[in-house]
There are 2 protein chains.
Amino acid sequence: MSKPRPISGFPEWLPPQRMIEQYVIDRLRRTFELYGFAPLETRAVEPLDQLLRKGETSKEVYLLRRLQADPDAQTGDDALGLHFDLTVPFARYVLENAGKLQFPFRRYQIQKVWRGERPQEGRYREFLQADIDIVDRDELAPHHEAELPLIIGDALASLPIPPVRIQVNNRKVCEGFYRGIGLTDPDAALRAIDRLDRFGPQRVAELLMSTAGASESQAKACLSLAEISAPDASIDDAVRGLGVEHPLLDEGLAELVAVLQTAAAHSPGLCVADLRIARGLDYYTGTVYETQLQGYERFGSICSGGRYDDLASAGADRFPGVGISIGVSRLLGLLFGADALSISRPVPTCVLVALPAESDRPAGNRVADTLRRRGIATEVSPSAAKFGKQIRYAQRRGIPYVWFLGVDGEPDGVKDIRSGDQVSAQAGSWQPAAADLLPTVSDQPAPAAGRPPENLDNMPR
Amino acid sequence: MSKPRPISGFPEWLPPQRMIEQYVIDRLRRTFELYGFAPLETRAVEPLDQLLRKGETSKEVYLLRRLQADPDAQTGDDALGLHFDLTVPFARYVLENAGKLQFPFRRYQIQKVWRGERPQEGRYREFLQADIDIVDRDELAPHHEAELPLIIGDALASLPIPPVRIQVNNRKVCEGFYRGIGLTDPDAALRAIDRLDRFGPQRVAELLMSTAGASESQAKACLSLAEISAPDASIDDAVRGLGVEHPLLDEGLAELVAVLQTAAAHSPGLCVADLRIARGLDYYTGTVYETQLQGYERFGSICSGGRYDDLASAGADRFPGVGISIGVSRLLGLLFGADALSISRPVPTCVLVALPAESDRPAGNRVADTLRRRGIATEVSPSAAKFGKQIRYAQRRGIPYVWFLGVDGEPDGVKDIRSGDQVSAQAGSWQPAAADLLPTVSDQPAPAAGRPPENLDNMPR
């Protein structure tokens, strides 16, 4: 076969990048579990009618077809498509399994999703998302909307990435305000405001007039609301200063202030209310979140979500929820591109056991076994080449220690190949430096490869 | 919408099952990393021509099509399909990234795969596999074939499952033997032998004659070889007792004995040579592995693989490898079905902070923060209902401790709700029993729900 090529939009990491991704996933999981979220996975596929419930995303869906199947057999209602997010499958899962779940139900879900979009920087066709959601039966207490930013704040603070700022808004504030000024299609107004970053105020004003039935002064009022931003309860005064009144506006503002106050008590500076945040998807009904990486604001939001009251409902059963989703592939792709993440070595291995001869492999395996049983990741050299070559095997992988089997009753020795220091050692008791046990991830660029020590082939035992 | 239903062949676990699966994945990862394997993931899709290289599996492939795309545009060479295993994508990844990898390259990969097969017990259309592979450039030393069973043995021994037996064979033994008795199409003979379990010796003898050009006595000889099984070097005598000679047979027997001896030094009883093990896929060229769960032999192999010399090669580049794949979904599905795995609670939460009133939520959050920072998974009660109701929230989830905020300067208290014992406690120093910190997985059925304590609503603080 010819040499294969990458497929646009389907990123694959090299081993050190994948190790960083795995580290990030483990850190996120740890925080989510400390907050009591249980892990969950849903299947990769959903019936097409489920995926199209939101209407607008149909163009993004990948449909499945069995190679040998009758092409006509799988385009009807039974057609299966790959999920494009984790919220729609989770809402379906809750409805399907409601009788077996305890509510409120807290789950995290870290999985790939697929969208047939045009690939571009930080936008992929296959990517990893890490979601948390809380759903309850019938009613969901608003304090959960205030809790989510704490969890996301802690989760992201546990990573070697720049600090974040979570921008919050509340759909009720927008809808109440729009209704208060006399607009009758608040969803259309919200969709126009959602394009403010891309289109600018002039074009959005025109959109408000052409799609949401706004007069020029109503459009201006909508834009004034979108300009408001505050880190604390002063948001209430700022909105009320616009002189609009509506019960839904009152409700939304109270919820928004509660989110800000809860966040400020936990992590000052983490959350800011920003009333231009709309989130394009139609299913949000309360608080909405976006998240900027400080210094990388041009990348857009790396973590978004909100409250949805009607996504999981069937007949009389209703499961309102609130959730937020970290774009793991997006975040890592951008930081890898900026050379802003590195790992101390691209293998888990801490010790390489060198072999004087292939016939020493059983003895090497015994040492390796003993070290592994003590939690020290160990490889036995793949060949009994000259020691210099075996040491270079370790060096090229950043393995910090090489173990030498003792001959003629002498004790074994272990060499730190960075310093060249060698000590006598027993596999049952020797301990590497704590910082060397596992690879470490940092927010610094990977160092240039160091100059190898000289005369490796003649190194003393 | 109406209540959604499961899709046949696409299993989804309930939260406690998913927690067990996550535990199993973490244990496998731990062992793989202790042996120096780096994590890797490949994209879910491969070009169709890659997937069809092996010929026989075309019927199993799911093709992708964008909903809005021209149907004709995606049926040619550019068509993408979901991968049906992790070996073919890994071979492609190695070829694509060879210049950036260090050889021999050791990687593990734990991902979903998809096959459009008819679903049945333990056979899914979407399932999780955990693979390890070692590939080298140009040549791969045979000791790697002996190393893999050790890793798999350790990995499976770390799980709360019955002991396993790994059955090994070597393609060279079969091919050398078949050639030694004068057969010219050893692949056809191997495919016939591969059906021995399903078809029985009579029909396989007929197959050998009709598809592999065997005479009746040649077919008999093939069946005699397939009957041989031994846990140690005596396999050599048993095969030679059939009186067949061929250089490839000698080579294969030497490799097979080395695998058995290495395994016996590490884990007596783990490996047995079983010369009926053929593995249907054509790409194996040396050692092949299957794995039986003791007491569940009727389930078939839960972990299979082998050596492949020609899977990753393009032009003059050749990367022989050896790998083995644990069928995680298959294993768990069968054990869940047998009620042979359980977890102590279906949430990570160790402590529930009870709230006397909703206005105490900020104080509850502070306690929870302090506990979480000390690694103790904590939830704050979702409502300030009567304490009995809050305790039942914990009970239903198996959360072992409920934390009570002190009032009027009294210290906080924490109650073990299983025993009813309550002690004074400070969030900065209190420690749960070590066994309660994390949920524990066992190979016993889940206990029936215990009788709840009486008079919960009137429990003293």
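Residues numbered from 1 in each chain as written. Chains lettered and ligands numbered in written order. Predicted model: local features only at pLDDT ≥ 70, side-chain atom pairs only at ≥ 80, totals over all residues.

Turning our eyes to something else, we now look at the overall build of chain A. The helix and strand inventory of chain A stands at 13 helices and 21 strands. Seen through its C-alpha atoms, chain A measures out along the principal axes to roughly 95 × 60 × 45 Å. Expressed as a percentage of its 461 residues, the buried residues of chain A come to 48%. Residue pairs at least 24 apart in sequence account for 70% of intrachain contacts in chain A once pairs closer than 6 positions are excluded. (Helix = DSSP H or I, 4+ residues; strand = E, 2+ residues; numbered from the N terminus. Buried ≥ 20, exposed ≤ 12 C-beta atoms within 10 Å, placed from the backbone. Contact = placed C-beta atoms within 7 Å.)

A few words now on the packing of helix H5 (residues 171-180) of chain B against helix H10 (residues 247-266) of chain B. Residues and elements named next belong to chain B. As a packed pair, H5 and H10 sit with axes 7 Å apart at the nearest point and diverge in direction by 155°. Considering the angle they form, H5 stands roughly antiparallel to H10. Where H5 crosses over H10, the two elements pack in a sense that is left-handed. Touching Lys172, Val173, Glu175, Gly176, Phe177, Arg179 and Gly180 of H5 are Leu248, Leu249, Glu251, Gly252, Leu253, Glu255 and Leu256, all from H10. (Axes fitted to C-alpha atoms, helices over the stretch in contact; angles between N-to-C directions. Parallel < 35°, antiparallel > 145°, perpendicular 65-115°, else oblique. Left-handed = near helix turned anticlockwise from the far one by under 90°.)

A separate point is the sheet that holds strand E10 (residues 287-293) of chain A. Residues and elements named next belong to chain A. The mixed open sheet is built from nine strands, whose spatial order is E1-E5-E6-E14-E11-E10-E7-E9-E8. Of all the strands in the sheet, just strand E1 (38-39) and strand E8 (229-230) have a single pairing partner and so form its edges. Here strand E6 (residues 126-135) runs beside strand E14 (residues 321-327); their pairing, made up of seven bridges, is antiparallel. In the strand pairing of E14, Gln129 is matched with Gly327. With respect to the sheet, helix H3 (residues 87-97) is in contact with strand E5 (105-114), E6 and E14, its orientation differing from that of E6 by roughly 40°. (Pairing = 2+ DSSP bridges.)

For the rest of this paragraph, the subject is the interface of chain A and chain B. Across the contact, 66 residues belong to chain A and 67 residues belong to chain B. Here the side of chain A that touches chain B gets six residues from one element, more than from any other, and that element is helix H1 (residues 15-34) of chain A. Its residues assigned to classes, the side of chain A that touches chain B shows 30 nonpolar, 15 polar and 21 charged. (Nonpolar A, V, L, I, M, F, W, Y, C, P; charged D, E, K, R; others polar.)

What follows is about the domain arrangement of chain A. Residues and elements named next belong to chain A. Domain parsing of chain A yields domain 1 (15-342) and domain 2 (346-458). Between the C-alpha centres of domain 1 and domain 2 the distance comes to 47 Å. Counting residues at the interface gives eleven residues for domain 1 and eight residues for domain 2. Element by element, the count of residues in the side of domain 1 that touches domain 2 is highest for H1, at five residues. Residue classes in the side of domain 1 that touches domain 2 are distributed as nine nonpolar, one polar and one charged. (Domains from an automatic or database assignment.)

Now for the relation of the copies chain A and chain B. Of the transformation superimposing chain A on chain B, the axial component is 0.0 Å and the angular component is 180°, with the fit at an RMSD of 0.0 Å. The two molecules are tied by a two-fold rotation axis, judged by turn and shift. No C-alpha of chain A lies nearer the rotation axis than that of Leu64 of chain A, which sits 2.5 Å from it. Comparing interface residues between copies, 100% of those in chain A also lie at the interface in chain B; the contact surface is shared. (Least-squares fit on C-alpha atoms with pLDDT ≥ 70 in both.)

Before going further, it helps to spend a moment on unusual backbone geometry. All names here are of chain A. Omega for the bond connecting Phe103 with Pro104 falls within 30 degrees of zero, at -5°, which places this linkage in the cis form. If you trace the backbone, Pro104 turns up in the loop between H3 and E5. Positive phi, close to 55°, is recorded for Asp339, a residue that is not glycine. Here Asp339 is to be found in the loop between helix H11 (328-337) and strand E15 (342-343). A positive phi angle, close to 55°, is found at Asp408, a residue other than glycine. For Asp408, the position within the fold is in the loop between strand E18 (401-404) and strand E19 (412-416). Residue class for Asp408 comes out exposed when judged on the 4 C-beta atoms lying within 10 Å of it.

Turning to the environment of Ala433 of chain B, a few remarks are in order. For Ala433 of chain B, the position within the fold is in the loop between strand E20 (422-425) and strand E21 (441-442). For the pair Ala433 of chain B and Ile25 of chain B, spaced 408 residues apart in sequence, the C-alpha to C-alpha distance is 25 Å.

The subject of this paragraph is the packing of H5 of chain B against helix H6 (residues 186-193) of chain B. All names here are of chain B. Contact geometry of H5 with H6 gives a least axis separation of 9 Å together with a crossing angle of 115°. Viewed along their axes, H5 and H6 form a crossing whose handedness is right-handed. Contacts between H5 and H6 involve Cys174, Glu175, Tyr178 and Arg179 on the former and, on the latter, Pro186, Ala189 and Leu190. For the contact of H5 with H6, the per-class residue count stands at five nonpolar, no polar and two charged.

Turning next to the sheet that holds strand E17 (residues 378-380) of chain B. Residue and element names in this part refer to chain B. Taken together, the five strands give an open sheet; going across it, the order is E17-E16-E18-E19-E20, and neighbouring strands pair in mixed fashion. The outermost strands of the open sheet, each flanked by one partner alone, are E17 and E20. Sheet twist, expressed as the mean angle between neighbouring strand axes with direction ignored, is 25°. The pairing of strand E19 (residues 412-416) with E20 spans four bridges and is classified as antiparallel.

Bringing the pairing of strand E18 (residues 401-404) of chain B into the picture now. All names here are of chain B. Here E18 shows no split at all, with Tyr401 and Trp403 on one side and Val402 and Phe404 on the other all buried. Both strand E16 (residues 351-353) and E18 contribute to a ladder of three bridges, which runs parallel. Bridging from a neighbouring strand, Val351 pairs with Tyr401 of E18. Direction of pairing for E18 relative to E19: antiparallel, over a ladder of four bridges.

Before going further, it helps to examine helix H12 (residues 361-373) of chain B. Residues and elements named next belong to chain B. Taking 1.5 Å per residue as the helical rise, H12 with its 13 residues ought to reach 18 Å, and the 18 Å between its terminal C-alpha atoms agrees with that figure. Along H12, the positions that sit buried rather than exposed are Arg361, Gly364, Asn365, Val367, Ala368, Leu371 and Arg372. Viewed along the axis of H12, the buried residues span an arc of 165°, placing them on a single side of the element. Looking one or two residues beyond H12, the residue adopting positive phi is Gly375, at roughly 85°. (Expected span 1.5 Å × (residues − 1). Arc of directions from axis to C-beta.)

Residues and elements named next belong to chain A. When you line up the elements, Glu290 lands in strand E10. Its 22 C-beta neighbours within 10 Å are what place Glu290 among the buried residues. Spatially, the C-alpha atom of Glu290 lies 55 Å from that of Arg361, the residues being 71 residues apart in sequence. Aside from chain neighbours lying at most four places away, what touches Glu290 is Gln167, Ile277, Ser301 and Ser304.

In terms of burial, helix H3 (residues 87-97) of chain B is a largely internal element, nine of the eleven residues being buried. All of the buried residues in H3 of chain B are Thr87, Val88, Pro89, Phe90, Ala91, Arg92, Tyr93, Val94 and Leu95 of chain B.

Residues and elements named next belong to chain A. Counted residue by residue, E10 has seven buried out of seven residues, so it is predominantly covered. The alternating pattern of E10 places Thr287, Tyr289, Thr291 and Leu293 on one face and Val288, Glu290 and Gln292 on the opposite face, and all of these are buried. The pairing of strand E7 (residues 164-170) with E10 spans seven bridges and is classified as antiparallel. Bridging across to E10, Asn170 finds its partner in Thr287. In terms of strand pairing, E10 meets strand E11 (residues 303-308) through two bridges, oriented antiparallel. Counterpart to Val288 in the pairing with E11 is Gly306.

So, about the environment of Leu223 of chain B. Residues and elements named next belong to chain B. Looking at where Leu223 falls in the secondary structure, it is placed in helix H8 (residues 216-226). Overall, the presence of 18 C-beta atoms within 10 Å leaves Leu223 in the partly exposed class. The spacing of Leu223 and Leu208 is 15 residues in sequence and 9.6 Å in space, taken between C-alpha atoms. Each residue touching Leu223, except ones within four places of it in the same chain, is listed here: Pro201, Val204 and Ala205.

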